[in-house]
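# Overview (structure and organization)
So you can see what is in the structure, the chains are spelled out below.
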Amino acid sequence: MKIVIVGGVAAGMSAATRLRRLSEDARIVVLEAGEHVSFANCGLPYYAGGVIEDRDALLLQTPASLAARFRIDVRVRHRVTGVDADAHTVTVRDLATGEESVETYDRLVLSPGARPIVPPAPGMERALVLRDVADVDRIVAAIDGTGTDGTGSDGARATTTPGRVQPPARSAVVIGGGFVGVEVAENLVHRGLDVTLVELADQVLAPLDPEMAIRVQQELEAHGVHVRTSTQVSMLGPDAAELSSADGSPRGTVPADLVVAAIGVRPDVELAVLAGAQVGPRGGILVDQDLRTSVPDVYAVGDAATKRDALAPTGSAPGTAGDEPTTLIPLANLANRHGRHVADVILGRRSGMRPSMGTAVVGVFGLTAASVGRNEKRLQAEGRPYRAIHTHPAQHAGYYPGATQMALKLLVDPETDLILGAQGVGRDGVDKRIDVLATAMAGGLTASDLADLELAYAPAYGSAKDPVNMLGYVADNLRTGETRSVQWHELDTLVAQGATVVDVRTPGEHARGTVEVVGVAGGTALNVPLDELRDRAAAEIPSGAPVVVHCQVGQRGHTAARLLTQLGYDVHNLDGGYLTWRDGTRALRAAHDDELVPSGDPAA
Ligand SMILES: Cc1cc2nc3c(=O)[nH]c(=O)nc-3n(C[C@H](O)[C@H](O)[C@H](O)COP(=O)(O)OP(=O)(O)OC[C@H]3O[C@@H](n4cnc5c(N)ncnc54)[C@H](O)[C@@H]3O)c2cc1C
């Protein structure tokens, strides 16, 4: 069998090597338009920042090494320009010579990835993108001042004026505050540039909810990145960018020797369309659970292809060649798994790619942000019921040196108790918790089941009650009705309905910062420390109206809520305590005016 693979990086090369491991008989041809195969695109921002010093470290394989070990016919600088699905052929242009040839196939695997989106604005042709090694070379040349003509080998964008030597860049504008955008911003700071991060949405890192993402925004700002949310680039001059709000009102001009556009990617469906294959409702080559396109013997994998949506609401419109809703998730783990799966399918060994949840992690100046599944915004947009849980545990035992707090958020289906999504932001231990939660989700565990997970513990690594167990305790208390919670953004409504807000922390903690209670004398909560609550409640907390208790993170609040409930009060615990309320209200202020974001230690 002859298998032709278009695109030789994550998904394509995973498919090629797996095919060879399974079959010595298959003829495997990989056609790659770029200079390199199997390079580490996820490492590109770190090479730009000098964190990865050796460029060769990005180049994981070469055509020669792949031929030697796997007997794969890898041809770089060979672009596939056409597909004749009836004849089972592809047209290939050798980019070195310009010659065209025709290659036959028995099975065709499309893994062309995705193309970076560059926002439309005058002057934007000088913006760089970051997708491959040639792109990062252009960025490094701009930083070092060694760039003259940045035209890529594959006819990629010219990045500087041909023939004109550019001075080293001192300032940069990064357009887009997603995972790649924040990584690029951080790495440009490492190289000493004055960086402005421009994001059209009212927060960075869209997969996170605002009260979580604000910590990342503050971290960027604490390291000197000027974060401009609700803002776009309206025009690029030779060394500056004019900014405006979404409605076009001017928002100033910032220095921009270097501009990197990182607003996202669009699945590359060009060849699939030429082959006559169907495209999904949101773009992406439509594939079934075995990565087959709608055209016989043509498969699609990786960023270019749709994914089965593990978290689609029941009854959502089908989006695949047959059965179920699809989504787009341009991430490397999925691309690699797609590649392996398609090889198994082609050789008749396996069927049924597991649906995808979108598990992702990013580091920003030592702060980790990670997420899996749906966020609250998306659940609201889908009109789905959910329960939100916020906690602020330390990554390991508090008494062991180096303990730092993280913020975790869990979203739960109140009917089934299944986990719909999770998010985490913190200095240490976040990736581990999100991976455990992703595993629990994949295994169909309920939120309450998390309470019973048996997890590894020693003081340096976790707590006897791990943060994941704690999420399970809270979820179980909410499921059984043992506690009721109120979210940070619901507090004002409860207060307007006459609720009394009681801060059960110590007077010292109360004085250092407390929730604002609109419409109440003094504008703050009543402060009755937990240890005095039993004695003071009857005299100081009015009965007959709801009571909201809060502490720093929600844990003492839970004990207070249990006590007051047993004393006959109608009690809600402020979910995530003061810290979540503080982060949520900061995020709201930042969304309305990005200049107002307070700096300081976001993990405090
Ligand atoms: C800067 C950056 C950082 C990233 N960081 C992370 C991360 O930390 N974690 C994570 O999970 N994901 C990350 N990703 C995403 C991850 O790299 C992608 O999800 C993954 O590479 C997709 O694999 P793919 O094989 O589908 O596409 P790609 O790896 O993009 O490979 C597609 C290849 O196809 C070639 N091609 C396209 N058209 C043709 C044609 N007509 N003929 C021949 N060849 C063609 C292209 O030249 C390209 O080399 C990052 C991506 C970038 C760009």
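Residues numbered from 1 in each chain as written. Predicted model: local features only at pLDDT ≥ 70, side-chain atom pairs only at ≥ 80, totals over all residues. Heavy atoms only, no water.

## Quick look at the sheet that holds strand S4 (residues 78–84)
Spelled out, the test is: Here a strand pair is declared whenever DSSP counts at least two bridges between the two strands. Strands here mean DSSP runs of E at least two residues long; helices mean DSSP runs of H or I at least four residues long; both are numbered from the N terminus. Whenever a helix is involved, its axis is fitted only over the stretch in contact; in every case the axis is a line through C-alpha atoms, and angles between N-to-C directions fall within 0 to 180 degrees.
The strand order across the open sheet formed by 3 strands is S4-S5-S6, and the pairing between neighbours is antiparallel. A single partner strand is all that each edge strand has here, and the edge strands are S4 and strand S6 (100–104). On average, each strand axis in the sheet is inclined to that of its neighbour by 30 degrees, with strand direction left out of account. Relative to strand S5 (residues 89–94), S4 runs antiparallel, the two sharing 6 bridges. Residue Arg79 lies in a different strand from S5, and its bridge partner there is Arg93.

## Digging into empty space enclosed by the protein
What counts is decided by this rule: Here the term cavity refers to a set of points on a 1 Å grid, laid over the protein atoms alone, in which a 1.4 Å probe fits but cannot get out; the term pocket refers to an open set having protein on both sides within 12 Å along at least five of seven lines, with lining residues being those that place an atom within 4 Å of a point. Grid points are joined across faces, edges and corners, and a volume is the space filled by probe spheres set on the points. Following the grouping adopted for this structure description, the nonpolar residues are Ala, Val, Leu, Ile, Met, Phe, Trp, Tyr, Cys and Pro, the charged ones are Asp, Glu, Lys and Arg, and the polar ones are all others, Gly among them.
Overall, the coordinates contain 2 cavities of 30 Å³ or more when judged by the stated rule. Here the largest cavity defines a volume of roughly 70 Å³. What lines the largest cavity is Val287, Asp288, Gln289, Leu291, Thr306, Lys307, Arg308, Leu334, His338, Met353, Arg354 and Ser356. For the second largest cavity, the full set of lining residues is Asp202, Gln203, Val204, Pro210, Ala213, Ile214, Gln217, Ala587 and Ala590. Elements represented by at least two residues in the lining of the second largest cavity include exactly helix H6 (210–222) and helix H16 (577–592). With 4 residues, the top contributor of residues to the lining of the second largest cavity is H6. Tallied by class, the residues present in the lining of the second largest cavity amount to 6 nonpolar, 2 polar and 1 charged.

## Quick word on the pairing of strand S2 (residues 27–32)
Spelled out, the test is: The cut-offs for exposure are 20% and 50% of the maximum accessible area for each residue type, with area from a 1.4 Å probe on protein chains only; residues under the lower value are buried, those over the upper are exposed, and the others partly exposed.
Counted residue by residue, S2 has 5 buried out of 6 residues, so it is predominantly covered. Relative to S2, strand S1 (residues 2–6) runs parallel, the two sharing 5 bridges. Note on S2: the bridge partner recorded for Val6 is Leu31. As defined by bridge partners, S2 adjoins strand S3 (residues 73–76) across 4 bridges and the pair is classed as parallel. When the sheet's bridge partners are listed, Glu32 is paired in S3 with Val76.

## What to know about the domain arrangement of the protein chain
What counts here: Marked domain ranges trace back to an automatic or database domain assignment.
Taken domain by domain, the protein chain holds domain 1 (2–40 + 57–114 + 266–346), domain 2 (124–263), domain 3 (366–480) and domain 4 (488–574). Taking only C-alpha atoms into account, the centre of domain 2 sits 45 Å from that of domain 4.

## Let's talk about the side chain of Thr580
Operational definition: Identification of polar contacts relies on pairs of N or O atoms within 3.5 Å, with a donor-acceptor requirement for protein atoms, meaning one able to donate a hydrogen and the other able to accept it, and with residues adjacent in sequence counted only if both atoms are side-chain atoms. In what follows, residue pairs with any heavy atoms lying within 4.5 Å of each other are defined as contacts.
Mapped onto the elements of the fold, Thr580 is located in helix H16. Residue class for Thr580 comes out buried when judged on its relative accessible area of 2%. A distance of 3.3 Å separates the side chain of Thr580 from the backbone oxygen of Gly576, its partner in a polar contact. Residues contacting Thr580, with those up to four places away along its chain left out, are Glu211, His390, His392, Trp488 and Asp575.

## Observations regarding the environment of Ile419
Position of Ile419 among the secondary structure elements: in strand S24 (residues 419–426). Accessibility expressed as a relative area gives 5% for Ile419, which makes it buried. Along the backbone, Ile419 and Pro355 are 64 residues apart, and their C-alpha atoms lie at a distance of 15 Å. If we ignore the near neighbours within four places in the chain, the residues touching Ile419 are Leu311, Leu410, Leu411, Ala440, Met441, Leu445, Thr446, Ala447 and Leu450.

## Some details on unusual backbone geometry
Of note, Leu205 is a non-glycine position whose phi angle comes to about 50 degrees, a positive value. Along the polypeptide, Leu205 turns up in the loop between strand S10 (194–198) and H6. The phi torsion at Phe365 lies on the positive side, around 50 degrees, for a residue other than glycine. By relative accessible area, Phe365 is classed as buried at 11%.

## Quick notes on the packing of aromatic side chains
The condition is simple: Think of it this way: a Phe, Tyr or Trp ring, Trp meaning its six-membered ring, pairs with another when their centres are within 6.5 Å, and the plane angle makes it stacked under 30 degrees, edge-to-face over 60, tilted otherwise. Geometrically, a lysine NZ or arginine CZ counts as sitting over a ring once it is within 6 Å of the ring centre and also within 35 degrees of the ring normal.
Within this structure, the stated rule accounts for 1 aromatic pair. Consider the rings of Tyr578 and Trp581, whose centres lie 6.2 Å apart with planes at 25 degrees: the pair is stacked. Of the two residues, Tyr578 and Trp581 both sit in helix H16, 3 residues apart, roughly one turn of that helix. Classification of Tyr578 as buried rests on a relative accessible area of 12%. The side chain of Arg505 reaches across the aromatic face of Tyr578, ending 4.9 Å from its centre.

## With respect to the site of the ligand
Stated precisely, the cut-off is as follows: For each residue, the test is whether any non-hydrogen atom lies within 4 Å of the molecule or strand; if one does, the residue is near. Accessible surface is estimated by sampling points in the Shrake-Rupley manner with a 1.4 Å probe; for residues, cover comes only from the protein chains shown.
In the vicinity of the ligand lie 29 residues, with Ala11, Glu32, Asn41, Asp303 and Ala332 positioned nearest. Val80 is positioned with one of its backbone polar atoms (N or O) 3.0 Å from a nitrogen atom of the ligand. Coverage of the ligand by the protein amounts to 88% of the 1,000 Å² it exposes when considered alone. Of all elements in the fold, only helix H1 (10–22), S2, S4 and helix H8 (332–346) reach the threshold of two or more residues within the shell around the ligand. The dominant element in the shell around the ligand, judged by the number of residues it contributes, is S4, at 3 residues. Within the shell around the ligand, the residues separate by chemical class into 17 nonpolar, 7 polar and 5 charged.

## Some points on the nonpolar core
Applied cut-off: For this analysis, a nonpolar core means a set of buried residues of the types Ala, Val, Leu, Ile, Met, Phe, Trp, Tyr and Cys, connected via side-chain atoms within 4.5 Å.
Grouped together as the largest cluster of nonpolar side chains are 48 residues, with contacts concentrated most on Ile5, Val90, Tyr105, Leu108, Val109, Leu110 and Val342. With residues up to four places along the chain from it excluded, the contact list for Ile5 reads Gly12, Ala15, Ala16, Leu19, Ile28, Val29, Val30, Leu31, Val109 and Ser111. Grouped together as the second largest cluster of nonpolar side chains are 42 residues, Ile139, Met212, Val364 and Phe365 included.

## Here we look at the environment of Pro393
In this structure, Pro393 sits in the loop between strand S22 (387–391) and strand S23 (406–412). Looking at Pro393, the relative accessible area reads 15%, which means it is buried. C-alpha of Pro393 to C-alpha of Asp466: the two residues are 73 residues apart in sequence and 8.6 Å apart in space. When near neighbours in sequence (up to four residues on either side) are disregarded, Pro393 contacts Thr404, Gln405, Met406, Leu408 and Pro467.

## Details of the sheet that holds strand S21 (residues 367–373)
Pairing is antiparallel in the open sheet, where 5 strands are placed in the order S20-S21-S24-S23-S22. The outermost strands of the open sheet, each flanked by one partner alone, are strand S20 (360–364) and S22. On average, adjacent strands in this sheet sit at an angle of 10 degrees to one another, irrespective of strand direction. Here S21 pairs with S24 via 6 bridges, running antiparallel. From the neighbouring strand, Ala370 faces S24, where its bridge partner is Gly424.

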